[in-house]
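Understanding the architecture of this molecule
For reference, the chains in residue letters:
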Amino acid sequence: MRVGVADTTFSRVDMGAIAIDELRKHASVAIERVTVPGIKDLPVACKNLIEQQKCDIVMALGMPGGKEKDRLCAHEASQGLIMCQLMTSTHIIEVFVHEDETNDESELAWLSEQRTREHAVNAIKLILHPKELIKEAGTGQRQGFSDAGPARR
Amino acid sequence: MRVGVADTTFSRVDMGAIAIDELRKHASVAIERVTVPGIKDLPVACKNLIEQQKCDIVMALGMPGGKEKDRLCAHEASQGLIMCQLMTSTHIIEVFVHEDETNDESELAWLSEQRTREHAVNAIKLILHPKELIKEAGTGQRQGFSDAGPARR
Amino acid sequence: MRVGVADTTFSRVDMGAIAIDELRKHASVAIERVTVPGIKDLPVACKNLIEQQKCDIVMALGMPGGKEKDRLCAHEASQGLIMCQLMTSTHIIEVFVHEDETNDESELAWLSEQRTREHAVNAIKLILHPKELIKEAGTGQRQGFSDAGPARR
Amino acid sequence: MRVGVADTTFSRVDMGAIAIDELRKHASVAIERVTVPGIKDLPVACKNLIEQQKCDIVMALGMPGGKEKDRLCAHEASQGLIMCQLMTSTHIIEVFVHEDETNDESELAWLSEQRTREHAVNAIKLILHPKELIKEAGTGQRQGFSDAGPARR
Amino acid sequence: MRVGVADTTFSRVDMGAIAIDELRKHASVAIERVTVPGIKDLPVACKNLIEQQKCDIVMALGMPGGKEKDRLCAHEASQGLIMCQLMTSTHIIEVFVHEDETNDESELAWLSEQRTREHAVNAIKLILHPKELIKEAGTGQRQGFSDAGPARR
């Protein structure tokens, strides 16, 4: 199995290094990494990781800014990542941390690491242990902040 | 006939299990289930159910959160599901329950179950009894809350 | 010539039946009808009418609700219908009547019928009499409510 | 060379006739014209002009209304026109005049004519004199209202 | 290696000339330039640079205006550029400078030049020195205004 990791120079946290660290803890998979300037460069970078580097899954890591224009960039990047998945029939786990989700730089760094690590585990489950995800269906999982949990009747 | 069921670990209700329970009540169809982390992972999961698992129709089940960012996620997922249908010429019944559609967790659980069950019936009609849908054309059907009914002149 | 008619069970007016009635008044064309649950199911239904049922043009009939979420659904459906047309090189006449365009159910029923009938005529012109449309270019045609007419200098 | 002209019956100005008049002043090109009901019908009309009528470039002419719903229609049409260009590797010059850009019908008629004529010249340059456009790079050209001009340092 | 440069006559700064000047400082690459009227014409122009002119990467340079309609144009252009990258598996570096990012024409000219030059360096790194980008991962790089830098814990 081969996992692609794509991240950005725009991000204020080295999310790619964190993802690779976590992936290695859970499985002995080959890892291919690329870094691009910003989140709108991620879709084609992921496509190349899938088609040219033969990755079975890719993690797309980015940190959109907090302004209205940044939200639109993130929207465009997300649409591109979904289209890329449909064109390649391959999962891309989008891990975006919006700067305005946190109150200060320290929490931003913490959230980026936590969300990246939890989604690295999801990536491994998707390619190696898909039945474990079925067991978690409907349990209100969240990545980074605490889980919402199942709705009580 | 083979029906795909794709749901998420993000959802706070096990919509996949409900869908399968309802599908089995109405037809003896083969069922393939996958669970992914969130709604933006659904489009490619559905594509694989159609192309690799040879499903004739898929139910895509998800529960978007109540914030503005969540609404945008749901929008991106919906666009991806429509594109997936066009690429595969196969129906995907989107069953999304927005957390802010209900007042509390109990109503959320009820709505999720009700909407999922009613759309499971729609899925069966689409592949096995399409003429029954023509009879219901223009009758203001709703899934979950009560029907709007036909407009009175 | 073969005309496809796709409508929904969500609509509160039987727009499909109205379209078929009007189409038959203007030309002896074969008609294929399908009904789907909602407007987001229309794009792939139209694709199948074009590719499997060999329709030369399709009318896509729907009635989006009046809430913000409904407007977004209509936007997604419209994008899908345009993409479907590009993939098949075939016209799809979108006939959407938004519940909030009218003041009461009676006007809603009237507008749905009127707009459907006028667009049925447009569909016939597109496949059989395209030069008639050139004569109407820039004349401010509207479907349902009264025409805007040409701008006076 | 062959130029396609696609316009609408919804428009309140005969933009197609104006485009053809201006194109003929600048080059002896073959011209193919189609008229469709509204701007959302333009993308597939342009695709057919390119693929079936072998046009080397197309002008897509439309006049979106001034309401919020109309703006969304224009957005969907624009997305479709861009996708059509990518699918055919052929330029489509979008000439949209929004009703709310002007104060009265007379100005609307003037703006529609002026913008259409200036973009007809752009279309000719794109297919016959691309180097003339390079000379104008960064000069703040506008079509219709007066040019913005280059930014002064 | 061959670098494409696509810019617009709408822009108020000759961004294409600036890009070419900077590219030549960093590598001896072949350069192909085209100029189109506006940013919505960029996606297909980039596609032709990639497919017909065999460019290995393209810089897409534009200056959206400051009104709401202009923001929507930029959004559509960005979506088209991402789709073009996915269709060609080739990077396109989008360099957009929004008129409302700056306070006056002089700052607009400065920002356009600075952002274009910094992204020209990114383009060279992407095709010739991709490992240098990995070193910059998560360091909060910005193009034009000063860098945000890494988040402090």
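The following paragraphs examine the structure supplied in this document. Small disclaimer: the values here were computed from a predicted structure and weren't measured. (Residues numbered from 1 in each chain as written. Chains lettered and ligands numbered in written order. Predicted model: local features only at pLDDT ≥ 70, side-chain atom pairs only at ≥ 80, totals over all residues. Heavy atoms only, no water.)

Quick notes on the overall build of chain A
In terms of regular secondary structure, chain A is built from five helices and four strands. With the principal axes as the frame, chain A shows a C-alpha extent of 45 × 40 × 25 Å. A total of 153 residues make up chain A; the buried ones form 63% of that total. The long-range fraction of contacts in chain A, counting pairs at least 24 apart against all pairs at least 6 apart in sequence, stands at 72%. Of the roughly 5700 Å² of accessible surface on chain A, a fraction of 48% belongs to carbon and sulfur atoms. Separation of charge centres in chain A, based on 19 positive and 23 negative side chains, amounts to 5 Å. (Helix = DSSP H or I, 4+ residues; strand = E, 2+ residues; numbered from the N terminus. Buried < 20%, exposed > 50% of the residue type's maximum accessible area, 1.4 Å probe, protein only. Contact = heavy atoms within 4.5 Å. Areas by Shrake-Rupley, 256 points an atom, 1.4 Å probe, with all protein chains shown as cover. Lys, Arg positive; Asp, Glu negative; His and termini not counted. Charge placed at Lys NZ, Arg CZ, Asp CG, Glu CD.)

Things to note about the sheet that holds strand E3 (residues 57–62) of chain D
Two pairing modes exist for strands in a sheet, parallel and antiparallel, and in both the strands are linked by backbone hydrogen bonds. Residue and element names in this part refer to chain D. In spatial order, the strands read E2-E1-E3-E4; together these four strands make up an open sheet with parallel pairing. Looking at which strands have only one partner, the edges of the open sheet turn out to be strand E2 (30–36) and strand E4 (92–96). Pairwise comparison of adjacent strand axes, ignoring direction, gives a mean angle of 15 degrees for this sheet. Helix H1 (residues 15–26) contacts strand E1 (2–8), E2, E3 and E4 of the sheet and is inclined by roughly 160 degrees relative to E1. Most of the contacts of helix H2 (residues 42–51) go to E1, to which it runs at about 160 degrees, and overall it touches E1, E2, E3 and E4. (Pairing = 2+ DSSP bridges. Axes fitted to C-alpha atoms, helices over the stretch in contact; angles between N-to-C directions.)

With respect to the interface of chain E and chain A
On the side of chain A, 36 residues touch chain E, which itself brings 34 residues to the contact. Of the roughly 2900 Å² buried between chain E and chain A, counting both surfaces, carbon and sulfur atoms make up 58%. Of all residues in chain E, the largest losses of buried area upon contact with chain A belong to E:Ile82, E:Leu86 and E:Arg153, amounting jointly to 22% of the total for that side. On inspection of chain E and its partner chain A, the count reaches four salt bridges. (Buried area = accessible area lost by both parts, 1.4 Å probe. Salt bridge = Lys/Arg side-chain N within 4 Å of Asp/Glu carboxyl O.)

Points about the arrangement of the chains
Chain A shows no contact with chain D. Their nearest C-alpha atoms sit 13 Å apart. At the level of C-alpha atoms, the two units chain C and chain E stay apart, their nearest approach being 13 Å.

Here's the deal with the interface of chain B and chain C
Many structure descriptions define interface size as the accessible area lost when the parts assemble. Taken together, the 34 residues of chain B in the interface contact 36 residues of chain C. Contact between chain B and chain C buries roughly 2900 Å² in total, counting both sides, with carbon and sulfur atoms accounting for 58%. Contact with chain C buries surface across chain B, with B:Ile82, B:Leu86 and B:Arg153 losing the most and accounting together for 22% of the total. For the pair chain B and chain C, the interface holds three salt bridges. A salt bridge links C:Glu105 to B:Arg152, with the shortest nitrogen-to-oxygen separation between them at 3.1 Å. Taken together, the connections running from chain B to chain C amount to 18 residue pairs in polar contact (both at pLDDT 80 or more). Elements with a contribution of two residues or more to the side of chain B that touches chain C: helix H3 (68–88), strand E4 (92–96), helix H4 (105–128) and helix H5 (130–135) of chain B. Top element by residues in the side of chain B that touches chain C is H3(B). It accounts for eight residues. Looking at the side of chain B that touches chain C residue by residue, the class counts come to 13 nonpolar, 15 polar and six charged. (Polar contact = N/O pair within 3.5 Å; in protein donor to acceptor, adjacent residues only side chain to side chain. Nonpolar A, V, L, I, M, F, W, Y, C, P; charged D, E, K, R; others polar.)

Thoughts on the relation of the copies chain B and chain C
For the pair chain B and chain C, the superposition axis carries a translation of 0.0 Å, the fit reaches an RMSD of 0.0 Å, and the rotation angle comes to 72 degrees. With respect to symmetry, the two chain copies, as superposed, fit the operation of a five-fold axis. (Least-squares fit on C-alpha atoms with pLDDT ≥ 70 in both.)

A short note on unusual backbone geometry
Of note in this structure, C:Lys54 is not a glycine but carries a positive phi near 60 degrees. If you check the backbone angles, E:Ser89 has positive phi at about 55 degrees while not being a glycine.

Details of the environment of D:Arg153
Here D:Arg153 is to be found in the segment after helix H5 (130–135). Judged by its relative accessible area of 60%, D:Arg153 falls in the exposed class. In sequence terms D:Arg153 and D:Gln52 are 101 residues apart; their C-alpha atoms lie 49 Å from each other. Leaving out residues up to four positions away in the same chain, D:Arg153 has contacts with E:Ser106, E:Ala109 and E:Glu113.

What to know about the packing of aromatic side chains
Enumeration over the complete set of coordinates arrives at five aromatic pairs over all chains. Centre to centre, the rings of A:Trp110 and A:Phe145 are 6.1 Å apart; their planes meet at 45 degrees, and the pair counts as tilted. Separated by 35 residues along the polypeptide, A:Trp110 in helix H4 (residues 105–128) and A:Phe145 in the segment after helix H5 (130–135) bring together distant segments of the chain. Overall, the relative accessible area of 39% leaves A:Trp110 in the partly exposed class. With relative accessibility at 33%, the residue A:Phe145 sits in the partly exposed group. For B:Arg142, the ring lying beneath its charged end belongs to C:Phe10, and the centroid distance is 3.4 Å. (Phe/Tyr/Trp six-rings, centres within 6.5 Å; stacked < 30°, edge-to-face > 60°. Lys NZ or Arg CZ within 6 Å of the ring centre and 35° of its normal.)

Structural notes on the state of the cysteines
If you walk through the whole model with that rule in mind, you get zero disulfides over all chains. A:Cys46 supplies the cysteine sulfur nearest to A:Cys55, a cysteine that is in no disulfide, at a spacing of 9.2 Å. Here A:Cys55 falls in the buried class, since its relative accessible area comes to 5%. Free cysteine: E:Cys46, not disulfide-bonded; nearest cysteine sulfur from E:Cys84 at 5.9 Å. Take E:Cys46: its relative accessible area is 0%, and that puts it in the buried class. (Disulfide = S-S within 2.5 Å.)

Quick look at a nonpolar patch on the surface
A contiguous nonpolar patch, built from A:Met87, B:Met87, D:Met87 and E:Met87 and spanning about 280 Å² of accessible area, is present on the exposed surface. Inspection of the secondary structure puts E:Met87 in helix H3 (residues 68–88). We classify E:Met87 as partly exposed; its relative accessible area is 32%. (Patch = residues over 30% accessible without salt bridge, like charges linked within 9 Å, V, L, I, M, F, W, Y side chains within 5 Å.)

Digging into the pairing of strand E2 (residues 30–36) of chain E
Residue and element names in this part refer to chain E. The pairing of strand E1 (residues 2–8) with E2 spans seven bridges and is parallel. Considered in E2, the bridge of alanine 6 is made with valine 34. In the classification by handedness, the crossover that spans E1, the intervening helix H1 (residues 15–26) and the parallel E2 is right-handed. (Right-handed = clockwise from strand over helix to strand, strands pointing away.)

Concerning the side chain of B:His75
Relative to the assigned elements, B:His75 resides in helix H3. The buried category is assigned to B:His75, whose relative accessible area is 6%. The residues contacting B:His75, other than those within four sequence positions of it, are A:His75, C:Leu72, C:His75, C:Glu76 and C:Gln79.

Describing helix H4 (residues 105–128) of chain C
With 24 residues, H4(C) ought to run about 34 Å at 1.5 Å a step, and its terminal C-alpha atoms sit 35 Å apart, in line with that. The opening residue of H4(C) is C:Asp104, an N-cap whose side-chain oxygen sits 3.2 Å from the backbone nitrogen of C:Ser106. (Expected span 1.5 Å × (residues − 1).)

A closer look at the environment of A:Glu94
Structurally, the position occupied by A:Glu94 is in strand E4 (residues 92–96). Exposure remark for A:Glu94: the relative accessible area of 19% places this residue in the buried category. Put simply, A:Glu94 and A:Ala6 are 88 residues apart on the chain and 9.9 Å apart in space, counted from C-alpha to C-alpha. Among all residues touching A:Glu94, those that are not within four sequence positions of it are A:Ala60, A:Ser78, A:Leu81, A:His119 and B:Lys40. A polar side-chain atom of A:Glu94 sits 2.8 Å from a polar atom in the side chain of A:Ser78. Reaching out from A:Glu94, the side chain makes a polar contact with the side chain of B:Lys40 at a distance of 2.8 Å.

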